[in-house]
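# Structural overview
Here is how the chains run, residue by residue.
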Amino acid sequence: QYVANKNFSIKTRISYFRNYWKNYFHDNITASIANRYGLEIQADVQISDENVVTFGSEESWDHVNSGLVGIHDQYVLSGYIQNERKLITNVLLTLGARYDYQFINVGFNDSEWSPKFGLVWHAQSDLTFRASSGRGFRAASMSERFSDSVYSGLRIVPNVNLKSETAWSHEMGVNYVPSPYFYLDIAAFVSDYNDLIEPEPDET
């Protein structure tokens, strides 16, 4: 992490994750080796006393070699930006968006936009109201996309064209802290999910 001055800082993170497993069955042995390499760069800019902007990018490369799913590579490129701004002394507005692009070595690609919105009103020192709304997604895992095997007599076939499942979430809430010994938080929320990734019969 590098802090240039009180108004600008930048953070870089490099990561590596390795996963290995092996299963011994009565009639076969399955094993899998997966490696993930990641890079994230994030910057924070204090534009003014009332306005802070955070932006950055995240990249990852997954390589899997498995008897269950085969040998595949997956690349994910992401960019995001968020702006936190005080509208007035006790009201904070947050606006943000993220873009993710996914590419797999079989020629499949997918992309998703994920906007978000948040509003916080500190009505009193002990009373805060909040509201938020945002979109999220979950991309199919390698095992969901490429599994080709038999479980309990059922044949599992791959579907390389699985699109990401998506969701919109909305919440409104209030936080009340009348004393150091009492805390009350009430929230109402709703989520709407689409294109959930789940098994389906293949009659062909």
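Before reading further, recall that the structure is shown in the block above.
One structure accompanies this document, and this report is about it.

Let us look at the overall build of the protein chain. Each helix and strand counted, the protein chain has one helix and twelve strands in total. Secondary structure elements in the protein chain, listed N-terminal to C-terminal, are β-β-β-β-β-β-β-β-α-β-β-β-β. Relative to a compact globule of 204 residues, whose C-alpha radius of gyration would be 17 Å, the protein chain shows 23 Å and is clearly more extended. Dimensions of the protein chain, computed from the C-alpha atoms along their principal axes, are close to 65 × 40 × 35 Å. Burial statistics for the protein chain: of 204 residues in total, 26% are counted as buried. Put simply, of all contacts in the protein chain between residues at least 6 apart along the chain, 49% involve residues at least 24 apart. Carbon and sulfur atoms provide 58% of the accessible area of the protein chain, an area that totals close to 14,000 Å². Taken as two groups, the 16 positive and 25 negative side-chain charges of the protein chain have centres that lie 7 Å from each other.

The next point concerns the pattern of salt bridges. Per the stated rule, a full pass over the model turns up eleven salt bridges. Across the salt bridge formed by Arg 36 and Asp 62, the nearest N and O atoms sit 2.7 Å from each other. Residue Arg 36 is located in strand S3 (residues 29–48), and its partner Asp 62 is located in strand S4 (residues 51–66); the two are separated by 26 residues in the primary sequence. A relative accessible area of 38% means that Arg 36 is categorised as partly exposed.

Attention now goes to the sheet that holds strand S2 (residues 8–24). Within a beta sheet, neighbouring strands are joined by backbone hydrogen bonds and run either parallel or antiparallel to one another. With antiparallel pairing, ten strands are arranged side by side in an open sheet as S1-S2-S3-S4-S5-S6-S7-S8-S11-S12. Two strands close off the open sheet at either side, each with one partner strand: strand S1 (2–5) and strand S12 (182–194). Strand-to-strand twist across the sheet, computed as the mean angle between neighbouring axes with direction ignored, equals 10°. Two strands pair when backbone bridges link them, and strand S11 (residues 165–179) and S12 are joined in this way by twelve bridges, in the antiparallel orientation. Of the residues in S12, the one forming a bridge with Thr 166 is Asn 194.

Another point: the nonpolar core. Ranked by size, the top nonpolar core spans seven residues in total: Val 64, Leu 68, Val 69, Ile 104, Phe 108, Met 142 and Phe 146. In contact with Val 64, other than residues within four places in its own chain, are Ser 32, Ile 33, Ala 34, Val 69, Gly 70, Ile 71, His 72 and Met 142.

The next subject is unusual backbone geometry. Positive phi outside glycine occurs at Asp 195, with the angle close to 55°. Along the chain, the position of Asp 195 falls in the segment after S12.

For any pair of aromatic rings, geometry is given as the distance between the ring centres together with the angle between the planes. All told, the structure shown has six aromatic pairs when counted by the stated rule. Both rings, one in Tyr 16 and one in Tyr 37, keep their centres 5.1 Å apart while their planes meet at 35°; by these two values the pair is tilted. Taken as a pair, Tyr 16 in strand S2 and Tyr 37 in strand S3 lie far apart in primary sequence, 21 residues in all. With a centroid separation of 4.9 Å and 25° between ring planes, the pair formed by Tyr 37 and Trp 61 is classed as stacked. Here the residue Tyr 37 occupies a position in strand S3, and Trp 61 occupies one in strand S4, the gap between them amounting to 24 residues. On the accessibility criterion, Trp 61 (34% relative accessible area) is partly exposed. Each residue in the set Tyr 16, Tyr 37, Trp 61, Tyr 75 and Phe 103 is aromatic and connected to the rest through ring pairs, giving one cluster. Taking NZ or CZ as reference, Arg 145 lies 4.5 Å from the ring centre of Phe 108, over its face.

Calculation criteria
- Residues numbered from 1 in each chain as written.
- Predicted model: local features only at pLDDT ≥ 70, side-chain atom pairs only at ≥ 80, totals over all residues.
- Heavy atoms only, no water.
- Helix = DSSP H or I, 4+ residues; strand = E, 2+ residues; numbered from the N terminus.
- Rg over C-alpha atoms; globule rule 2.2 N^0.38 Å.
- Buried < 20%, exposed > 50% of the residue type's maximum accessible area, 1.4 Å probe, protein only.
- Contact = heavy atoms within 4.5 Å.
- Areas by Shrake-Rupley, 256 points an atom, 1.4 Å probe, with all protein chains shown as cover.
- Lys, Arg positive; Asp, Glu negative; His and termini not counted.
- Charge placed at Lys NZ, Arg CZ, Asp CG, Glu CD.
- Salt bridge = Lys/Arg side-chain N within 4 Å of Asp/Glu carboxyl O.
- Pairing = 2+ DSSP bridges.
- Axes fitted to C-alpha atoms, helices over the stretch in contact; angles between N-to-C directions.
- Core = buried A, V, L, I, M, F, W, Y, C linked by side-chain atoms within 4.5 Å.
- Phe/Tyr/Trp six-rings, centres within 6.5 Å; stacked < 30°, edge-to-face > 60°.
- Lys NZ or Arg CZ within 6 Å of the ring centre and 35° of its normal.

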